[in-house]
Amino acid sequence: MGGQVFHFSVELLNLLIETIPRLCKSKNDVLVFFLSAGVSQNFLADIRRRVEQDRNNISKYQIVRDVIIRLNEAGDAAIRERREIIKRVVEYKDFSRCWPDDQIPAMGLVARVRELRNDTDSFTRQQQYHESQREEERKKRQQDEEARIEQLNLKKQKRQQLKSELSALYQETNAQKRGKQLEPILNSLFESEGILVRESFTIKGENNEGVIQQVDGAIEVNSCLYLVEMKWCQEALSPRDVSQHTMRLFARTDVRGIFISASGYTEAAIIDIQRALNLKIIVLFTLKELVLLLETESPFESLLKSKVEAIQLEGKLLYDL
């Protein structure tokens, strides 16, 4: 049989009890039918003795019922025999070997067994298909989870590496060398967060006393474009240090600003930026905040969001001194 019949259902069991006796003219023919289906002699021994010794008190239907029930109760041990019995019934074609009165009923019963077998096969295939689908989905979920964990571990390792590199810059006394190292670190920081870097960060030299280097670039977060300026000065940024970037922001529509300072901001610079908030979103960061952020699993996007909300709802600048 095509499908996996582990047990006869009640409907199929009763149907076989009605069908097999009509396919066999005699009680001995019934026993031969089961033997040819692979049912062992030991399984049929007591029934055979009863047929030989008390033939009139056992019918073909009783023989079939006893054998079918025994095979069903045998469970997995009789799977092969149960399948073979159904196979022989559904493949039965020569109804001329039946008693004349049984020929037409036998045809209908065999057709019904065949129909039920096909329904069972279809159901089994459907079950197997769904089980296969569930297994594929389970494997995919497992693979996705493993990939997610791997990505998290890689991201964690990357954050630790960036934190070490940023922290090491504080020990670098060569301004030019520090500037060259800062550029790829900031690019890697945003790219590792899945933030689109629209314009790579570049180092610009400054002639003014106290300014060591300036890093400019643009990033896109939640469909908002931020023009970013990073300054590493010896002293806290003055109004003059932030004015150029502020003017660049006002010269562009639909662009927000981010300041990153390695040395903080003077009170006068904060006042100037605060005034500009009426017209532009300008977010302040310190380099220390980025170092601390890399120590946690919190994304840059979340920190940026909290700062933007503080500006929009309270007109308040949030930054870590």
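Residues numbered from 1 in each chain as written. Predicted model: local features only at pLDDT ≥ 70, side-chain atom pairs only at ≥ 80, totals over all residues. Heavy atoms only, no water.

Participant: I would appreciate a short explanation of the overall build of the protein chain in the present structure.
Facilitator: Regarding its fold elements, the protein chain presents 11 helices and five strands. Per-residue burial over the protein chain gives 40% buried out of 321 residues. Within the protein chain, contacts between residues separated by at least 24 positions form 65% of all contacts whose residues are at least 6 apart in sequence. Of the roughly 17900 Å² that the protein chain leaves accessible, carbon and sulfur atoms contribute 47%. (Helix = DSSP H or I, 4+ residues; strand = E, 2+ residues; numbered from the N terminus. Buried < 20%, exposed > 50% of the residue type's maximum accessible area, 1.4 Å probe, protein only. Contact = heavy atoms within 4.5 Å. Areas by Shrake-Rupley, 256 points an atom, 1.4 Å probe, with all protein chains shown as cover.)

Participant: Just to check I follow, could you spell out the packing of aromatic side chains for this structure?
Facilitator: The description of two aromatic rings rests on the distance between their centres and on the angle between their planes. Evaluated as defined, the whole model comprises five aromatic pairs. Measuring from centroid to centroid gives 5.0 Å for phenylalanine 190 and phenylalanine 300, while their planes differ by 80°, and the two rings are edge-to-face. Note that phenylalanine 190 is positioned in helix H7 (residues 175–192) and phenylalanine 300 in helix H11 (residues 300–314), a separation of 110 residues in sequence. Summarising the burial analysis for this pair, phenylalanine 190 and phenylalanine 300 share the class buried. Members of the aromatic cluster, joined through ring pairs, are Phe190, Phe285 and Phe300. The ring of tryptophan 232 is capped by arginine 178, whose NZ or CZ atom sits 4.5 Å from the centre of that ring. Above the ring of phenylalanine 285, the side-chain terminus of lysine 307 is found at 4.7 Å from the ring centroid. (Phe/Tyr/Trp six-rings, centres within 6.5 Å; stacked < 30°, edge-to-face > 60°. Lys NZ or Arg CZ within 6 Å of the ring centre and 35° of its normal.)

Participant: Help me out: how do you make sense of the pairing of strand E5 (residues 282–286) in this one?
Facilitator: Regular strands place their side chains on alternate faces of the sheet. Burial analysis of E5 places five of its five residues in the buried class, which makes it a mostly covered element. Where burial is concerned, the two faces of E5 agree: the one with Ile282, Leu284 and Thr286 and the one with Val283 and Phe285 are both buried. Here strand E4 (residues 255–261) pairs with E5 via five bridges, running parallel. Paired with glycine 257 across the bridge in E5 is isoleucine 282. Taking the sense of rotation as the criterion, the β-α-β connection linking E4, helix H9 (residues 267–276) and E5 turns out right-handed. (Pairing = 2+ DSSP bridges. Right-handed = clockwise from strand over helix to strand, strands pointing away.)

Participant: Is there a simple way to think about H11 in this case?
Facilitator: Residues spaced three or four apart along an α-helix face the same direction, because each turn holds 3.6 residues. For H11, built from 15 residues, the straight-helix expectation of 21 Å at 1.5 Å per residue is met to within 8% by its first-to-last C-alpha distance of 21 Å. Residues Phe300, Leu304, Lys307, Val308, Ala310 and Ile311 constitute the buried set of H11. Looking down the long axis of H11, one finds its buried residues gathered within 155° of arc, a one-sided arrangement. Facing away from the buried side of H11 by over 90 degrees, the exposed positions are Leu313 and Glu314. A positive backbone phi angle near 65° is found at glycine 315, which sits one or two residues after H11. (Expected span 1.5 Å × (residues − 1). Arc of directions from axis to C-beta.)

Participant: Help me out: how do you make sense of the side chain of lysine 307 in this one?
Facilitator: In this fold, lysine 307 is placed in helix H11. For lysine 307, a relative accessible area of 2% puts it in the buried group.

Participant: Sorry, what's going on with the state of the cysteines here?
Facilitator: A covalent bond bridging the sulfur atoms of two cysteines is what the word disulfide describes. A full pass over the atoms with the stated rule returns zero disulfides. The closest cysteine sulfur to the non-disulfide-bonded cysteine 24 is located on cysteine 98, 8.0 Å from its own sulfur. Given the relative accessible area of 6%, cysteine 24 is considered buried. (Disulfide = S-S within 2.5 Å.)

Participant: It is not clear to me how the nonpolar core should be interpreted in this structure. Could you clarify?
Facilitator: Side chains of nonpolar character tend, in soluble globular proteins, to be buried together. Residues Leu166, Ile219, Ile258, Val283, Leu290, Phe300 and Leu304 are the most contacted members of the largest nonpolar core, which totals 48 residues. In contact with isoleucine 219, other than residues within four places in its own chain, are Phe190, Ile195, Leu196, Val197, Arg198, Phe201, Cys224, Leu225, Tyr226, Val228, Ile258 and Phe300. Grouped together as the second largest cluster of nonpolar side chains are 37 residues, Phe34, Ile47, Val64 and Ile86 included. (Core = buried A, V, L, I, M, F, W, Y, C linked by side-chain atoms within 4.5 Å.)

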